[in-house]
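# Analysis of the macromolecular model
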Amino acid sequence: MAMQLILTLLDELCVPAATPMAAGKSWVFGERSLTVGRVEGNDLVLPVAHISSRHLTIRFRSGRYEATDLGSTNGTMLNGKPLGPPVKVTYRDRLTVGPYTLRVALFLDGGGED
């Protein structure tokens, strides 16, 4: 079965007013690696100054997703702790990137949560 990674934007108060996003917005990714950053060319673009151009990567490897900060200026937090080397992300984890908090959900094609 294929796995999907779903990132959902939380904390509407933290979303900059000039950003065309709202809390509850979700992005769905299949079994692949993705990048998060401030500029076009990333799989998920969060366009604010506190985010590096290429801030974070989430890789799908050996049946799981792993997050790694790409040496960003302001860092990435996973559940309130600084993200260092590749760390497995699991259901209900929270990634904080600049002013944004993203909730992680993982689903198998059959609809079940992992």
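Residues numbered from 1 in each chain as written. Predicted model: local features only at pLDDT ≥ 70, side-chain atom pairs only at ≥ 80, totals over all residues. Heavy atoms only, no water.

### Points about the nonpolar core
Within the largest apolar cluster, 25 residues are counted, with the highest numbers of intra-cluster contacts made by Leu 5, Leu 7, Leu 44, Leu 46, Leu 56 and Ile 58. For this core, the secondary structure elements donating two or more residues are strand S1 (3-10), strand S2 (26-29), strand S3 (34-37), strand S5 (56-61), strand S6 (64-69), strand S10 (94-97) and strand S11 (100-108). Each residue touching Leu 56, except ones within four places of it in the same chain, is listed here: Leu 34, Thr 35, Val 36, Ala 67, Thr 68, Asp 69, Leu 70, Thr 76, Leu 83, Leu 95 and Val 97. (Core = buried A, V, L, I, M, F, W, Y, C linked by side-chain atoms within 4.5 Å. Buried < 20%, exposed > 50% of the residue type's maximum accessible area, 1.4 Å probe, protein only. Helix = DSSP H or I, 4+ residues; strand = E, 2+ residues; numbered from the N terminus. Contact = heavy atoms within 4.5 Å.)

### Overview of the sheet that holds strand S8 (residues 81-82)
Strand order in the open sheet formed by six strands is S2-S1-S11-S10-S7-S8, with antiparallel pairing between adjacent strands. Two strands bound the open sheet, and with one partner strand each, they are S2 and S8. As defined by bridge partners, S1 adjoins S11 across eight bridges and the pair is classed as antiparallel. Bridge pairing links Thr 8 to Arg 103 in S11. (Pairing = 2+ DSSP bridges.)

### Quick notes on the sheet that holds strand S4 (residues 44-45)
Overall, mixed pairing links the five strands, which are arranged S4-S3-S5-S6-S9 in an open sheet. Sheet topology places S4 and strand S9 (87-88) at the edges, where each strand pairs with a single neighbour. Sheet analysis places S5 next to S6, joined by six bridges and oriented antiparallel. Bridging from a neighbouring strand, Arg 59 pairs with Glu 66 of S6.

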